[in-house]
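Okay, here's what each chain looks like letter by letter:
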Amino acid sequence: MKKILLAPSILSANFCKLGKEVRQVLQFGADIIHFDVMDNHYVPNITFGPLVLESLRNNNIVHPIEVHLMVHPVTKILIKNFIDVGATTIIVHPETTYDLNNIINFIKSFGCKVGLALSPNIEINYLYPFLDIIDIVLVMSVMPGFGGQKFLLEIFQKISCIRKLLNEQKNTILLEVDGGVTLQNVKKIVTVGADIVVLGTSLFGTNDYQKTLKNFKKILFI
Ligand code: DX5
Ligand code: ZN
């Protein structure tokens with residue numbers, strides 16, 4: 001049975017004690033920190049940038065940090081700034097650049113992993129030209145912009161289509177699902193094909209992270 005990875009989204013963390021919160025969820029068994037970057041342009045919200053990631057790294061956070069860029073346009077300067085301070089994966093939305101191939105190769109040239117994120121209204125065929133070079137497909141199961149939304153049920157079908165597509169490839173692309181993942185729906189999300197699940201409100205909205213992560217792991221046999 002494949003190992004499912006848990007990726008807490010710090011969008012729902014308490015920013016007053018961000019370092020502590022991140023350390024806790026990692027200590028309690030999370031695998032990856034999911035870092036949601038919003039620009040009030042691609043989405044109607046603003047979050048945080050490279051300086052915040054840098055301060056996590058300066059506080060002994062050594063685990064993988066994946067940067068989910070919800071910005072338009074996505075630029076090489078911004079990407080490089082995140083890589084310089086320790087991002088291990090950069091995830092971009094295909095429709096946020098005119099030269100996706102160039103952006104993907106730029107990310108890879110630093111030895112950083114690269115992911116493509118599909119918003120609910122974006123079709124799977126954006127992925128086709130890049131299946132040989134990307135590391136992650138991130139399927140959004142809410143409209144990007146805010147934590148705490150409800151999982152869009154129609155996305156189950158999209159996840160299973162992408163799972164099928166990835167199984168046909170001779171590579172190891174991981175399928176990540178982002179938005180509205182809960183203790184109630186996580187089993188089904190993984191059964192239809194997820195390798196990584198993002199946990200925002202369903203983790204940071206609880207008052208016992210250890211217990212919540214334990215419950216997710218119990219359901220997923222990890
Ligand atoms: C939404 C973000 C998600 C979100 C997940 O734009 O990309 O990562 O924060 O949070 P929940 O799990 O609360 O939907
Ligand atoms: Zn995200």
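The rules behind these values
- Residues numbered from 1 in each chain as written.
- Chains lettered and ligands numbered in written order.
- Predicted model: local features only at pLDDT ≥ 70, side-chain atom pairs only at ≥ 80, totals over all residues.
- Near = placed C-beta within 6 Å.
- Helix = DSSP H or I, 4+ residues; strand = E, 2+ residues; numbered from the N terminus.
- UniProt positions renumbered as here; feature names shortened; annotations may be inferred.
- Contact = placed C-beta atoms within 7 Å.
- Buried ≥ 20, exposed ≤ 12 C-beta atoms within 10 Å, placed from the backbone.
- Pairing = 2+ DSSP bridges.

A. Spatial organisation of the site of ligand 1. Taken together, 22 residues are adjacent to ligand 1, and L11, P144, G147, G200 and T201 come closest. When residues of the shell around ligand 1 are traced back to their parent elements, those giving at least two are β2 (33–38), β3 (65–70), β8 (196–199) and α7 (201–204).

B. Summary view of the UniProt feature "binding site: a divalent metal cation" (unreviewed entry) in the chain. If you check UniProt for "binding site: a divalent metal cation" (unreviewed entry), the listed places come out as H34, D36, H68 and D178 in our numbering. Across 145 residues in sequence, these annotated residues keep their C-alpha atoms within 10.5 Å of one another, forming a single compact spot. Residue position: H34 is located in strand β2. Its place among the elements puts H68 in strand β3. If near-sequence neighbours (up to four positions away) are discounted, H68 is found in contact with H34, F35, D36, V37, I91, A117 and L138.

C. Examining the pairing of strand β6 (residues 136–140) more closely. Counting buried positions over the five residues of β6 gives four, a clear majority of the element. As paired strands, strand β5 (residues 113–118) and β6 are joined by four bridges and run parallel to one another. Bridge pairing in β6 places L116 opposite V137. Taken together, the five bridges between β6 and strand β7 (residues 174–178) define a ladder with parallel strand orientation. The partner of V137 across the bridge, within β7, is L175.

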